[in-house]
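Per-entry structural report
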Amino acid sequence: MPITVTSPLLPDLKEFNELLTQVWDSKWITNNGSFHKQLEAALCEYLKVPYVSLFTNGTLPLLTALQALRITGEVITTPYSFVATTHSIWWNGCRPVFVDIDPATGNIAPDCIEAAITPKTTAIMPVHVYGKPCDTKRIQEIADKYGLKVIYDAAHAFGVEVNGESILNAGDLSTLSFHATKVYNTIEGGAMVMHDAEMKKRIDYLKNFGFANEVEVVGPGINSKMDEVRSAYGLLNLKQVDAAIEARHQVAIRYREALRGVEGITFFDDMPGVRHNYSYFPIFVDAEQFGRTRDELYFKMKENGVLGRRYFYPLISEFSTYRGLPSADPANLPKAHRMADSVICLPMHHALAPEDIELTLSIILH
Ligand code: T4K
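As a starting point, this report considers the structure included with it. All figures in this text were calculated on a predicted structure; none of them were measured in a lab.

This next bit is on helix 7 (residues 197-206). Every buried residue of helix 7 is accounted for by Met-199, Lys-200, Ile-203 and Leu-206. The buried residues of helix 7 occupy one face: seen down the axis, they fall within an arc of 125 degrees. In this structure, the buried side of helix 7 is in contact with helix 2 (34-47), strand 2 (51-55), helix 3 (60-68), strand 9 (173-177) and strand 10 (190-194). For helix 7, the capping residue at the N-terminal end is Asp-196, with a side-chain oxygen 3.2 Å from the backbone nitrogen of Glu-198.

Here we take up the sheet that holds strand 7 (residues 161-162). Overall, antiparallel pairing links the three strands, which are arranged 8-7-14 in an open sheet. Looking at strand neighbours, the two that pair on one side only are strand 8 (165-166) and strand 14 (274-275), the edges of this open sheet. For strand 7 and strand 14, the ladder comprises two bridges, and the chain directions are antiparallel. The residue of strand 14 that forms the bridge with Val-162 is Val-274.

The next thing to look at is the nonpolar core. Judged by nonpolar contacts, the single largest core of 61 residues is most densely connected at Leu-43, Phe-158, Ile-283 and Leu-297. Examining the composition of this core, we find that 13 residues originate from one element, helix 8 (residues 228-259), more than from any other. Not counting residues within four places of it along the chain, the set of residues in contact with Ile-283 comprises Leu-259, Ile-265, Thr-266, Phe-267, Leu-297, Ser-342, Val-343, Ile-344, Leu-346 and Ile-364. Counting residues in each nonpolar core, the second largest holds 24 residues, with Val-5, Val-129, Tyr-280 and Leu-315 among its members.

Criteria and thresholds
- Residues numbered from 1 in each chain as written.
- Predicted model: local features only at pLDDT ≥ 70, side-chain atom pairs only at ≥ 80, totals over all residues.
- Heavy atoms only, no water.
- Buried < 20%, exposed > 50% of the residue type's maximum accessible area, 1.4 Å probe, protein only.
- Helix = DSSP H or I, 4+ residues; strand = E, 2+ residues; numbered from the N terminus.
- Arc of directions from axis to C-beta.
- Contact = heavy atoms within 4.5 Å.
- Polar contact = N/O pair within 3.5 Å; in protein donor to acceptor, adjacent residues only side chain to side chain.
- Pairing = 2+ DSSP bridges.
- Core = buried A, V, L, I, M, F, W, Y, C linked by side-chain atoms within 4.5 Å.

In short, shape yes, function no, at least from these values alone.
Spelled out as structure tokens, the structure:
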């Protein structure tokens, strides 16, 4: 069996069956059902946020957030992410403007944001990449100074806290992905986090075609509802996510212990005051110092059944839809290119066996 970059956290099947029986008995299988309501409440509590709206995946809350805030013109964003981030801007008929990253975190560099603002800029869409918190204070200062909205793509940042406060409370809106490959999953799924009841109501309308009631449609909504089956699954997974994060933490400890000081290999350490979720374990290969290129190592791992992934290579700005944009010029994004060209995400999940960790390490070390 190959060792994959991740493996889904699955609820106990017997417990899931019990909840499924309740869904079957109720015959209410989607459209804001009982498990949906319970999961929204449970997530508010777990995540320490005031309002959560569930979605059917992590892409549609991004699209809907831009819609809800009536974003137009240019949106400043990072090229170092999964392509859904930029696609959401494009689908809203806006122009993504890529800016470079801070190599210390992989996140958008605040100084580059300020330099890219034009009269057409209306919003910033940063990503807490790998779950590492953005410099939310600086980003908010810039947004306030220029009157911009901030929508965080927090797909990787489930449960991440800075000094005891959820990172999801930053900005105007934050979005999460609960895809199978994430720390916390509902198979497919996602959510939006907002600050007030008015916005929660608006988002709930928008994810249900814009219906405010049986006869009134208040905007060009979409269908992005989470069903009862996945809400029930999500409730069960919430009970075990802390243990899963701790198991991931132990994997990170072992990787760091073995790789610290290895010439040509770098990785991120924990940030002070941050509760990390260890959603990914990226390493960065300096070919000259390491003696092998990133791709040589990546394919050697693959040959030996270790399926790391080059998240996020290529940069979004390199895809055909976007590479014609002036901001996609590699000269504008040198640090993002360097990171994308050197990264490998090592296998990282709650059930990674010690021998799989050691095999991965031995391929890197020998
Ligand atoms: N914003 C950001 C920053 C994101 O990273 C993402 C998604 C989004 C927005 C959009 O959220 P969603 O709409 O997807 O909810 C994966 C995921 O599909 C995607 O959710 C994720 N980011 C992205 C970073 O990674 P792939 O194509 O690399 O996944 P895949 O199918 O190759 O799976 C990776 C490994 O996981 C497999 O080798 C084995 C394991 N796996 C996967 C699945 C699906 C399993 O063991 N079981 C499974 O069921 O995109």
